[in-house]
Amino acid sequence: MSVPRLVIAAPASGSGKTTVATGLMAAFAGRGLAVSPHKVGPDYIDPGYHALATGRPGRNLDAYMCGPDLIAPLFTHGASGCDLAVVEGVMGLYDGASGQGELASTAQVSKLLRAPVVLVVDASSQSRSVAALVHGFASWDPEVRIGGVILNKVASDRHEALLREALDESGLPVLGVLRRAPQVATPSRHLGLVPVAERQTDALDAVGAMGDRVREGCDLDALMALARSAPDLPGEAWEPERHPAPGTRPVVAVAGGAAFTFAYAEHAELLTAAGAEVVVFDPLRDEKLPAGTAGLVVGGGFPEVYAPELSANEPLRRAVTGLARSGAPVAAECAGLLYLARELDDRPMCGVLDASARMSERLTLGYRQAVAVSDSVLAVAGTRLRGHEFHRTVLEPGAGTTPAWGLHQPERRVEGFVQGGVHASYLHTHWAAAPGIARRFVEQCRG
């Protein structure tokens, strides 16, 4: 595959990667190019802004959950037919899974994609030292090709001149300068940026502002030339294996809307390829499950923010409870787990699970190694995969529950629920790494 591509990285979090990456996507899309948006790591929120900027699904590239060998095929699948791909990095360029070397770092993904890196540097408190910083990042790993620098939070013409003079000695071109300015309105809360689905109009304005800043401050022609310097990417694109079956396609209802925004694009593609008819519904507004629902998927999001509205929608809660008690397959991750609980912050939820959930001050965050400890609609006992936890809630289960996963990192513990046709867990997983999950789920939906 020969699609032009760039990886947008930084020395550390907070340097401006999201502004630059999203702004580049919007600026190039504004030129009429088909831009493929990607995000390194498990982040669900940034891809929503990428999708607004490009009109295409934001896709994640996670070398921990999916394995390094799947990164290029997943990228090629998403970027097929596009004029340009922009990949936003995660944390600092060389930061990856804790204690795992370069695994899941932006640097590793750039090497797997054979893509040039643009380093976004927060220059607000430095002048000549910027050259030492950039030199260090450019020389740390000779296999990582840093093709240029974008300077962010530059104070004045004089400040810019000092930075450019210093970087002249580094041999790396300055591809853009963004002046210090009021931050583009991208509000945050306890788990990061507020998702696009919760602020569509404001988010569109924010993405437009990012595009304007990048268009005014960056050399788009030079950036495109750098992107075109990426060599051909060998290998085949990932494609969900299709499993046609006679008869009707079972309806799999997938929760969406503002409360359930965390989903990987490949999950719906895998369900469809496995023979399902995927129908999205909004638990905040819809009082019924989609007609003919044979299975239910409730992914991650922010049910704690919408607990009053979710609780008030009693007709849908009863429908979900009835479906689960009928033995139909139900897969729930994180927010979905909370929605199936008896209550969340003292507000009634679906009551499918004998568990009570509440907000906590403690953030649970990190990659996990997991093994299925019992047979379920998603996996047979002994199935191993990797996932990610990201929440500020705690769950108090009732006695006698059957766990879903045994976790082995950072400590050994069991987690989640398997109950009849229900598989519910805090663990976020990427089904492209284990496509048998989608096939097994749809087969269960067929009965």
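Quick look at the structure, then. (Residues numbered from 1 in each chain as written. Predicted model: local features only at pLDDT ≥ 70, side-chain atom pairs only at ≥ 80, totals over all residues. Heavy atoms only, no water.)

1. A look at the overall build of the protein chain
Which entries qualify depends on this criterion: Helix and strand labels come from DSSP, where a helix needs a run of H or I of at least four residues and a strand needs a run of E of at least two; each type is numbered from the N terminus. Each radius of gyration is computed over the set of C-alpha atoms, and the globule rule expresses the reference value as 2.2 Å times the number of residues to the power 0.38. Three exposure classes are used, based on accessible area relative to the maximum for each residue type with a 1.4 Å probe and protein chains only: buried under 20%, partly exposed in between, and exposed over 50%. When checking whether two residues touch, look at their non-hydrogen atoms; a contact exists if any pair is within 4.5 Å. Shrake-Rupley sampling with a 1.4 Å probe provides the accessible areas, and residues are treated as covered by the protein chains on show and by no other component.
The number of helices and strands found in the protein chain is 13 helices and 22 strands. Taking 2.2 N^0.38 as the reference for a compact globule, 447 residues should give roughly 22 Å; the C-alpha atoms of the protein chain span a radius of gyration of 23 Å, in line with that estimate. Expressed along its principal axes, the backbone C-alpha trace of the protein chain runs to roughly 70 × 45 × 45 Å. Within the span of the protein chain, comprising 447 residues, buried residues form 57% of the whole. Summarising the internal contacts of the protein chain: among those between residues at least 6 apart in sequence, 76% fall at separations of at least 24. Just so you have it, the protein chain exposes about 17800 Å², and 49% of that area is on carbon and sulfur atoms.

2. Overview of unusual backbone geometry
Notably, Ala104 is not glycine yet its phi reads approximately 70 degrees, a positive angle. In this structure, Ala104 sits in the loop between β4 (84-88) and α4 (106-113). Exposure remark for Ala104: the relative accessible area of 3% places this residue in the buried category.

3. A word on the packing of aromatic side chains
Put simply, the rule is: Stacked, tilted and edge-to-face are the three classes applied to pairs of Phe, Tyr and Trp rings, where Trp contributes its six-membered ring and a pair requires centres within 6.5 Å; stacked means planes under 30 degrees apart, edge-to-face means over 60, and tilted covers the rest. Placement of a charge over a ring requires the Lys NZ or Arg CZ to be within 6 Å of the ring centre, with the centre-to-atom vector within 35 degrees of the ring normal.
Taken as a whole and judged by the stated rule, the model has seven aromatic pairs. Ring plane angle 55 degrees and centroid distance 6.4 Å describe the contact between Tyr94 and Trp140, whose orientation is recorded as tilted. With a gap of 46 residues between them, Tyr94 in the loop between β4 and α4 and Trp140 in helix α5 (residues 129-140) connect regions that are remote in the sequence. When its relative accessible area of 66% is taken as the criterion, Trp140 is described as exposed. Site record: aromatic cluster; members linked through ring pairs are Tyr44, Phe262, Tyr264 and Phe302. A cation sits over an aromatic face here: Arg386 above Tyr64, 4.4 Å from the ring centre.

4. A closer look at the nonpolar core
Worth spelling out the cut-off: Definition of nonpolar core: a set of buried residues of the types Ala, Val, Leu, Ile, Met, Phe, Trp, Tyr and Cys, connected through side-chain atoms within 4.5 Å.
Counting 111 residues, the largest nonpolar core has Leu113 and Leu151 as the members making the most contacts within it. It is helix α1 (residues 17-30) that contributes the most residues to this core, seven residues altogether. In this structure, Ala324, Val330, Leu340 and Leu344 belong to the second largest nonpolar core, which totals 39 residues.

5. Things to note about α1
The criterion, for reference: Every helix has an expected span of 1.5 Å times one less than the residues it contains.
If you check α1, its first and last C-alpha atoms are 19 Å apart, about what 14 residues at 1.5 Å a residue would give, namely 20 Å. Across the 14 residues that make up α1, a large majority, 10, are buried. Positive backbone phi, approximately 90 degrees, marks Gly32, located one or two places after α1.

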